[in-house]
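# Per-entry structural report
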Amino acid sequence: MIVDKFSTEVETRLNDFFADKIDCKEMAKIIREVNNALSLCVMRDCETIKFGVKNIDDSFYWLNKLAEVLDPYLDA
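Residues numbered from 1 in each chain as written. Predicted model: local features only at pLDDT ≥ 70, side-chain atom pairs only at ≥ 80, totals over all residues. Heavy atoms only, no water.

### Considering the overall build of the chain
For the chain, the helix and strand inventory stands at four helices and zero strands. Taken from the N to the C terminus, the helices and strands of the chain come in the order α-α-α-α. Within the chain, buried positions represent 13% of all 76 residues. Counting only carbon and sulfur atoms, one obtains 57% of the accessible surface of the chain, whose full area is about 6600 Å². (Helix = DSSP H or I, 4+ residues; strand = E, 2+ residues; numbered from the N terminus. Buried < 20%, exposed > 50% of the residue type's maximum accessible area, 1.4 Å probe, protein only. Areas by Shrake-Rupley, 256 points an atom, 1.4 Å probe, with all protein chains shown as cover.)

### Re the environment of Glu26
With respect to the secondary-structure elements, Glu26 resides in helix 2 (residues 24–43). Relative accessible area serves as the criterion here: at 37%, Glu26 is assigned to the partly exposed category. On a C-alpha basis, the gap between Glu26 and Ala67 in space is 9.6 Å, while along the polypeptide they are 41 residues apart.

### Overview of the pattern of salt bridges
In the structure shown here, the tally under the stated rule is two salt bridges. One salt bridge in this structure joins Glu9 and Arg13, with 3.9 Å as the shortest N-O distance. Here Glu9 pairs with Arg13, and both are found in helix 1 (residues 8–21), just four residues apart, close to one helical turn. The closest approach of N and O atoms between Arg32 and Glu68, which form a salt bridge, is 2.7 Å. Residue Arg32 is located in helix 2, and its partner Glu68 is located in helix 4 (residues 56–70); the two are separated by 36 residues in the primary sequence. (Salt bridge = Lys/Arg side-chain N within 4 Å of Asp/Glu carboxyl O.)

### Some points on the confidence of the model for the chain
Residue-level pLDDT values for the chain average 79, and 82% of them are 70 or greater. Put simply, helix 3 (residues 47–52) is where the chain has its lowest mean pLDDT, 63, and helix 1 is where it has its highest, 86. (pLDDT = per-residue confidence, 0-100.)

### Looking at the environment of Ala67
Within the secondary structure, Ala67 sits in helix 4. The buried category is assigned to Ala67, whose relative accessible area is 1%. Between the C-alpha atom of Ala67 and that of Lys25, which follows or precedes it by 42 residues, the distance is 8.3 Å.

### So, helix 2
The end-to-end C-alpha distance of helix 2 is 28 Å, a good match for the 28 Å that 20 residues give at a rise of 1.5 Å each. Every buried residue of helix 2 is listed here: Ala28, Ile31, Asn35 and Leu38. Around the axis of helix 2, the buried residues are gathered within 85° of arc, so they sit on the same side. Its side-chain oxygen at 3.1 Å from the backbone nitrogen of Lys25, Asp23 defines the N-terminal cap of helix 2. Of the residues one or two after helix 2, Asp45 is the one with positive phi, at around 60°. (Expected span 1.5 Å × (residues − 1). Arc of directions from axis to C-beta. Polar contact = N/O pair within 3.5 Å; in protein donor to acceptor, adjacent residues only side chain to side chain.)

Here you go:
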C-alpha cells in the first residue's frame, strides 16, 4: 500500500512516538537486530519462524526500508 501523505493524526502519533518513546536511531538499531535474528532463524530452518510468519521476505524488506528511513546506514 502506497500513501501519498500521512494523515495529521498518524503524523502526530509518529512524532509523539519518536519524541517520547524511542529515538529514531535506536529504533533503527532494534529493527536491524530483529532482522538479523530473523535471518539466522530462516537460514537455520527454525520451525517457529517457518510456520509462524507468513511472507517473511516481504516483512524483512519493509523493516529494512523503515530502518533506513529512520537512520540511513546503507546509503552510499
